[in-house]
Amino acid sequence: MDKTMQSSDALEYMCPYCGAINNFERTAIRDMYHEQETSCDCCKKVLGLTPANGIGGRINLIIESLEAEK
């Protein structure tokens, strides 16, 4: 397993609603390619994060809105 995937550092992602930078703990990445539910620390919108393998052993986070827009 690649060292980047074993690290306990947090990954950062940007909220698609408010643009706030949030953290996602690498230890939470246990099910690659399975959506995990979280919420933005700033605006509290519910988001789906799907961890995926990226280039060079890195991890990509695919962010999706889980709340219907009003």
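Preceding block: the structure.
Residues numbered from 1 in each chain as written. Predicted model: local features only at pLDDT ≥ 70, side-chain atom pairs only at ≥ 80, totals over all residues. Heavy atoms only, no water.

Would you explain the overall build of the chain in this entry?
Looking only at helices and strands, one finds one helix and five strands in the chain. Along the chain, from the amino end to the carboxyl end, the secondary structure elements read α-β-β-β-β-β. Residue pairs in contact within the chain that sit at least 24 positions apart in sequence constitute 29% of those at least 6 positions apart. Of the accessible surface of the chain, which amounts to about 4900 Å², a share of 47% is contributed by carbon and sulfur atoms. (Helix = DSSP H or I, 4+ residues; strand = E, 2+ residues; numbered from the N terminus. Contact = heavy atoms within 4.5 Å. Areas by Shrake-Rupley, 256 points an atom, 1.4 Å probe, with all protein chains shown as cover.)

Can you help me understand the nonpolar core in this one?
Generally speaking, nonpolar side chains in soluble globular proteins are found buried as a group. Among the nonpolar cores identified, the biggest contains eleven residues, and these are Leu 11, Tyr 13, Cys 15, Ala 20, Phe 24, Met 32, Cys 40, Leu 47, Leu 49, Ile 59 and Leu 61. Listing elements by their share of this core, those giving two or more residues are β1 (10-14), β4 (46-53) and β5 (59-65). Every residue in contact with Tyr 13, bar those within four places of it in the chain, is listed here: Ala 20, Ile 21, Asn 22, Asn 23, Phe 24, Thr 38, Ser 39, Leu 47, Leu 49, Leu 61 and Ile 63. (Core = buried A, V, L, I, M, F, W, Y, C linked by side-chain atoms within 4.5 Å. Buried < 20%, exposed > 50% of the residue type's maximum accessible area, 1.4 Å probe, protein only.)

Can you help me understand the state of the cysteines in this one?
What the rule picks out here adds up to zero disulfides. In this model Cys 18 remains outside any disulfide bridge; the closest cysteine sulfur is found in Cys 40, 3.7 Å from its own. Relative accessible area serves as the criterion here: at 38%, Cys 18 is assigned to the partly exposed category. (Disulfide = S-S within 2.5 Å.)

Would you take a moment to explain unusual backbone geometry for this structure?
A negative phi angle is the norm for most residues apart from glycine, just as the trans form is the norm for most peptide bonds. Its identity is not glycine, yet Tyr 33 carries a phi of approximately 70°, on the positive side. The backbone of Lys 44 sits at a positive phi, close to 70°, despite the residue not being glycine. Here Lys 44 lies in the loop between β3 (36-39) and β4.

Please clarify how the packing of aromatic side chains should be interpreted in this entry.
As enumerated under the stated definition, the model contains zero aromatic pairs in all. Directly above the ring of Tyr 17 sits Lys 45, whose terminal nitrogen or CZ lies 5.1 Å from the centroid. (Phe/Tyr/Trp six-rings, centres within 6.5 Å; stacked < 30°, edge-to-face > 60°. Lys NZ or Arg CZ within 6 Å of the ring centre and 35° of its normal.)

Where do I start with the side chain of Asn 22 in this structure?
Along the chain, Asn 22 falls in strand β2 (residues 21-25). When its relative accessible area of 1% is taken as the criterion, Asn 22 is described as buried. Here Ala 20 takes part through its backbone oxygen, which lies 3.3 Å from a polar atom of the side chain of Asn 22. A polar atom in the side chain of Asn 22 sits 2.8 Å from the backbone nitrogen of Asp 41. (Polar contact = N/O pair within 3.5 Å; in protein donor to acceptor, adjacent residues only side chain to side chain.)

Is there a simple way to explain the sheet that holds β5 in this structure?
Hydrogen bonds along the backbone pair up the strands of a sheet, which may run parallel or antiparallel. Sheet architecture is open: three strands sit in the order β3-β4-β5, paired in antiparallel fashion. Of all the strands in the sheet, the pair left with one neighbour each is β3 and β5. Taking the axes of each pair of neighbouring strands and ignoring which way they run, one obtains an average angle of 40° across the sheet. The pairing of β4 with β5 spans seven bridges and is classified as antiparallel. Across the sheet, residue Thr 50 finds its bridge partner in β5, namely Ile 62. (Pairing = 2+ DSSP bridges. Axes fitted to C-alpha atoms, helices over the stretch in contact; angles between N-to-C directions.)

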